[in-house]
Amino acid sequence: MKMHTILWGVVLALLIGSSSCTKDGDTGPVGENGVKGPQGPTGDKGPNGDDADISNVEIFGSEWSDAVFTGSGTDWKFKIAAPQITQEVLDKYVVHVYFFNNSGNYLYKLPYKGTYASTNKIISKISVGEVEIQSTYKANAKFRFVIIDPNKS
């Protein structure tokens with residue numbers, strides 16, 4: 001019987017407490033903004049980061065490289081230095097190569113096969129430290145590579 005009385009007392013206290021908290025009237029107007037405080041001191045300069053460190057980013061894009069092809073006929077080649085492409089990148093990341101045609105202002109992802117009846121083709125060969133571009137014609141173009149971490153995207 002004693003437990004039953006305590007339980008009723010708790011229920012009664014909760015009912016009284018919840019009914020006494022009512023909201024009367026409309027919400028008042030928004031107060032004025034306070035005075036802006038003074039500018040804080042400038043913090044210390046942080047260390048310079050490594051330009052080629054891609055370990056903490058989802059995507060790394062190289063600078064555009066103007067094509068300087070060597071070859072003749074339908075066998076043209078051009079290499080882009082790519083120190084960011086390591087064996088780990090080849091094993092675990094996705095690497096795309098892009099081609100910007102300066103003549104027509106078009107952007108393509110390699111491999112490229114010319115439009116319509118064209119026999120123009122451009123492919124990329126990606127290896128540790130470099131990207132080799134192979135083309136069936138001497139393209140007036142720029143190239144870049146993009147490394148994507150599939151685990152962070």
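Here the structure is a predicted model, which means the values were calculated and not measured.

A. Seen up close, the packing of aromatic side chains. Counted by the stated rule, this structure contains 10 aromatic pairs. Between Phe60 and Phe145, the aromatic rings sit 6.2 Å apart at their centres with planes inclined by 45°, giving tilted as the arrangement. Separated by 85 residues along the polypeptide, Phe60 in strand S1 (residues 59-61) and Phe145 in strand S10 (residues 141-148) bring together distant segments of the chain. Grouping residues by exposure puts Phe60 and Phe145 together as buried. For the pair Phe78 and Phe143, a centre-to-centre distance of 6.0 Å together with 45° between the ring planes defines the contact as tilted. One end of the pair, Phe78, is in strand S4 (residues 75-82); the other, Phe143, is in strand S10, with 65 residues separating them in the sequence. Here a set of aromatic residues connected by ring pairs shows up, and it is made of Phe69, Phe78, Phe99, Tyr106, Tyr108, Tyr112 and Phe143.

B. Geometry of the sheet that holds strand S3 (residues 70-72). If you trace the 5 strands from one edge of the open sheet to the other, you get S3-S4-S9-S8-S7, paired in antiparallel fashion. With partners counted over all chains shown, the strands left at the sheet margins are S3 and strand S7 (112-113), one partner each. As judged from the 6 bridges shared by strand S8 (residues 121-127) and strand S9 (residues 129-135), these two strands associate in the antiparallel manner. Bridge pairing in S9 places Ile122 opposite Ser135.

C. Seen up close, the confidence of the model for the protein. When pLDDT is averaged along the protein, the result is 82, and 78% of the positions lie at 70 or above. Of all secondary-structure elements in the protein, the lowest mean pLDDT belongs to helix H1 (residues 2-19), at 60, while S9 reaches the highest, 96.

D. Fine view of the pairing of S10. When S1 meets S10, the two strands line up antiparallel, connected through 3 bridges. When the bridges of S10 are listed, Phe60 appears paired with Ile147. Relative to S10, strand S2 (residues 65-66) runs antiparallel, the two being bridged by 2 bridges. Pairing of Asp66 across the sheet is with Lys142, part of S10. Pairing analysis gives 8 bridges linking strand S5 (residues 94-101) to S10, with the strands arranged antiparallel. Each residue of the ladder has a partner; that of His96, found in S10, is Val146.

Cut-offs applied
- Residues numbered from 1 in each chain as written.
- Predicted model: local features only at pLDDT ≥ 70, side-chain atom pairs only at ≥ 80, totals over all residues.
- Heavy atoms only, no water.
- Phe/Tyr/Trp six-rings, centres within 6.5 Å; stacked < 30°, edge-to-face > 60°.
- Helix = DSSP H or I, 4+ residues; strand = E, 2+ residues; numbered from the N terminus.
- Buried < 20%, exposed > 50% of the residue type's maximum accessible area, 1.4 Å probe, protein only.
- Pairing = 2+ DSSP bridges.
- pLDDT = per-residue confidence, 0-100.

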